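# Structure assessment
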Amino acid sequence: DMAEEIFIQESDFPPTLLLETEGCFGLLFGLPFYFTFASHFGESPQETWVQITSSTFNICYMISLTCLFTITGIFNIAATNVTSSMTRNVWKNFRTVLVWGLGLIIYYATGNVELGEEWRIPNSFFVLFGFLVMLCGASLYYRNDDDLPAWFVKVKGYFGCGRIRGYFIS
């Protein structure tokens, strides 16, 4: 993520072209690995293809999922272009916590374990605490140095956490 941010902000390379290049690179290197090693892990590529093409729903689902991943990838790379990789990762983690929270709501609204997730002690507290630490860190990262105690500004500068238009300041 950080390499993408530096590459996009330091060059005049279009973010969507970078996303396309990453996708092609992953496809060109991923397919040979899949066809070479899938059978060693108990999966048959031929059976997988038959299962995917066995129904119209599966085909539509795979195409929709690919489009969804493409659209979210475009928004993610655009966010990196406008802000930073830190912001992009905060939003990615927020999405994860949002899905977890919706799973909790669905479970307690329906009582169905297959559709949602129950609150588990202490695991759920760890997830919530981790998310709060992430939010506090992002808040401190983007807060104006004038609003922070002097000792924290020195620590923040020591670790290279200040950002101005994609450049590190210390």
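Position numbers for residues start from 1 in each chain and track the written sequence from start to end. Local features are withheld for residues below a pLDDT of 70 in this predicted model, meaning they are given only at 70 or higher, and side-chain atom pairs are given and counted only at 80 or more; totals for whole chains, interfaces and linings count all residues. Hydrogens and water are ignored here; the side-chain numbers use all heavy atoms of the structure.

## Considerations on the packing of helix 2 (residues 15–37) against helix 4 (residues 56–82)
Condition: Interaxial angle, 0 to 180 degrees, is taken between N-to-C directions of lines fitted to C-alpha atoms, where a helix line uses only the stretch in contact. Numbered from the N terminus, helices here are DSSP runs of H or I no shorter than four residues, and strands are runs of E no shorter than two. Angular relationships are summarised with four words: roughly parallel below 35 degrees, roughly antiparallel beyond 145, roughly perpendicular across 65 to 115, and oblique for the angles in between. In this scheme the handedness of a crossing depends on how the near helix is turned from the far one: anticlockwise by less than a right angle means left-handed, clockwise means right-handed. Contacts are residue-level and defined by heavy atoms, with any inter-residue pair within 4.5 Å sufficient. Charged residues are taken to be Asp, Glu, Lys and Arg, nonpolar residues to be Ala, Val, Leu, Ile, Met, Phe, Trp, Tyr, Cys and Pro, and polar residues to be all remaining types, Gly included.
Packing of helix 2 against helix 4 leaves a shortest axis separation of 9 Å and a crossing angle of 130 degrees. Relative to helix 4, the element helix 2 is oriented oblique. Taken as a pair, helix 2 and helix 4 cross one another with a handedness that is right-handed. Residue-level contacts link Pro15, Thr16, Leu18 and Leu19 of helix 2 to Thr70, Gly73, Ile74, Ile77 and Asn81 of helix 4. Classifying every residue of the contact of helix 2 with helix 4 gives five nonpolar, four polar and no charged.

## So, a nonpolar patch on the surface
Short version of the rule: Only residues above 30% relative accessible area that lack a salt bridge enter a patch, with like-charged residues linked at up to 9 Å and the nonpolar side chains Val, Leu, Ile, Met, Phe, Trp and Tyr linked at up to 5 Å. The protein chains shown are the only cover counted for residues, whose accessible areas, like all others here, come from Shrake-Rupley with a 1.4 Å probe. Salt bridge criterion: a side-chain nitrogen from Lys or Arg within 4 Å of a carboxyl oxygen from Asp or Glu. Only protein chains enter the accessibility calculation, which uses a 1.4 Å probe. A residue is then buried if its area is under 20% of the maximum for its type, exposed if over 50%, and partly exposed in between.
Side chains of Trp91, Phe94, Leu98, Leu102, Ile105, Ile106 and Leu115 sit close together on the surface and give an oily, nonpolar patch of about 700 Å² of accessible area. Turning to its location among the elements, Leu98 is positioned in helix 5 (residues 85–110). On the basis of relative accessible area, Leu98 is assigned to the partly exposed category, the value being 45%.

## Observations concerning the nonpolar core
Worth spelling out the cut-off: By convention a nonpolar core is built from buried Ala, Val, Leu, Ile, Met, Phe, Trp, Tyr and Cys residues, the set being connected through side-chain atoms within 4.5 Å.
Counting five residues, the largest nonpolar core consists of Val97, Trp100, Leu104, Phe131 and Met134. Those elements that provide at least two residues to this core are helix 5 and helix 6 (123–142). For Trp100, the contacting residues outside a window of four places in its chain are Glu117, Trp119, Ser124, Val127 and Leu128.

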